[in-house]
Amino acid sequence: GVPTFCRPLPLSYVVFDGPAPQPPLVFLHGLLGSKSNFRAIARALVQRSGRKVLTVDARNHGESPHSPTMSYEAMSLDLQRLLHQLHFPKCVLVGHSMGGKTAMTLALQRPDLVERLVSVDISPTESVAVTDFLAYISAMRRVSIPSGIPRSTARRLAEDQLRPAVQVSAVRQFLLTNLVEAEGRYMWRVNLEAISHHMANIMGFPVFQAPYSGPTLFLAGSDSPYVSSEDYPEIERLFPEAEIQYIPGAGHWVHADKSQEFITAICNFLLLP
């Protein structure tokens, strides 16, 4: 059960309107990401599929409210509240990484709300390949920027301070999308405290018995360790209709590494009976 103090939060979202009457696509970003990660992809999918597309900020991320609670059950409830608020009886969930685990949780808890499901580079299991995120978070927490300096200077300083722990430039740029300014002070808009406190939760996955029998796609990067053959039995148990597809040359951020292939894979999946 979910403790009573776990009230659903009003998530920040953007609707990209499409003419098709079918259920909307709902995009859920990964750890330390935000809804803007999917902006270009959302636009392309409205064009290609005609469906409405929603991009959503998880609690403690982007422009959504902060909370000391950070569990997949809580994030699933946030989403249920949003779907209810927008009068969407059903949706297609597309979740990357942490967002994929939220999507799977919602589909397993409330299959009636989910027409079909795409899990991007994540399995319904304990994620072990993720020590990087712990390093990213401690590096972000160590960043210190003086007040009252220009934004470009602040960004450069933050990048310099992240560099020793985060060697890959693209990952630094991704983390820096969380740097915001309020009244001349620079801060991270992600709730690093709640996230680091609940890291074991975020890396884990809740226990479920009953499967989700709707059409499901596990869309993984061929160069990423997050969906491996060791996970196949659990994928099959919980998602008996699942298809597993690897995008060649993509790492963990499949949609960023190979956006055209990613969009095409989603469109093909929408056409499946």
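As the structure is a prediction and not an experimental result, all values here were calculated from the model.

Draft legend 1. Representation of the layout of surface pockets. The calculated volume of the largest pocket comes to roughly 290 Å³. Along the walls of the largest pocket sit 15 residues, with F174, W253, H255, A256 and D257 positioned nearest its centre. Only α1 (39–49), α6 (169–176) and α10 (254–257) provide two or more residues apiece to the lining of the largest pocket. Taken together, the residues that form the lining of the largest pocket break down as 8 nonpolar, 5 polar and 2 charged. Here the second largest pocket is characterised by a volume of approximately 210 Å³. Lining the second largest pocket are 13 residues, and of these D132, Y136, V168, V171 and W253 sit closest to its centre.

Draft legend 2. Region of interest: the packing of helix α2 (residues 72–85) against helix α3 (residues 98–109). Orientation of α2 relative to α3, taken along the N-to-C sense of each, is 70°, at an axis distance of 9 Å. Comparing their axes, α3 and α2 come out roughly perpendicular. In contact with Y72, E73, M75, S76, L79, Q80 and L83 of α2, α3 contributes M98, K101, T102, T105, L106 and Q109. Class assignment of the residues belonging to the contact of α2 with α3 gives a composition of 6 nonpolar, 5 polar and 2 charged.

Draft legend 3. Up close: empty space enclosed by the protein. Applying the stated criterion across every chain, the model contains 3 cavities of 30 Å³ or more. Of the volumes computed, that of the largest cavity is approximately 90 Å³. The wall of the largest cavity is formed by L11, L28, H29, V56, A58, R59, M75, D78, L79, M98, G99 and T102. Secondary-structure elements contributing two or more residues to the lining of the largest cavity are α2 and α3. Of the residues contributing to the lining of the largest cavity, the split by class is 7 nonpolar, 3 polar and 2 charged.

Draft legend 4. How the structure looks around the side chain of K35. Within the secondary structure, K35 is located in the loop between β2 (25–28) and α1. The class of K35 is buried, set by a relative accessible area of 9%. Those residues in contact with K35, other than ones at most four positions away along the chain, are S12, Y13, V14, H29, T55, V56, D57 and E63.

Draft legend 5. Focus on helix α5 (residues 151–162). In a regular helix each residue adds 1.5 Å, so 12 residues correspond to 16 Å; α5 covers 16 Å between its end C-alpha atoms and thus fits that length. Among the residues making up α5, those that are buried are A154, A158, E159 and L162. Projected onto a plane normal to the axis of α5, the buried residues spread over an arc of 135° and lie on a single side.

Rules used throughout
Residues numbered from 1 in each chain as written. Predicted model: local features only at pLDDT ≥ 70, side-chain atom pairs only at ≥ 80, totals over all residues. Heavy atoms only, no water. 1 Å grid on protein atoms, 1.4 Å probe; cavity = no way out; pocket = protein on both sides within 12 Å on 5 of 7 lines; lining within 4 Å. Points joined across faces, edges and corners; volume = space filled by probe spheres on them. Helix = DSSP H or I, 4+ residues; strand = E, 2+ residues; numbered from the N terminus. Nonpolar A, V, L, I, M, F, W, Y, C, P; charged D, E, K, R; others polar. Axes fitted to C-alpha atoms, helices over the stretch in contact; angles between N-to-C directions. Parallel < 35°, antiparallel > 145°, perpendicular 65-115°, else oblique. Contact = heavy atoms within 4.5 Å. Buried < 20%, exposed > 50% of the residue type's maximum accessible area, 1.4 Å probe, protein only. Expected span 1.5 Å × (residues − 1). Arc of directions from axis to C-beta.

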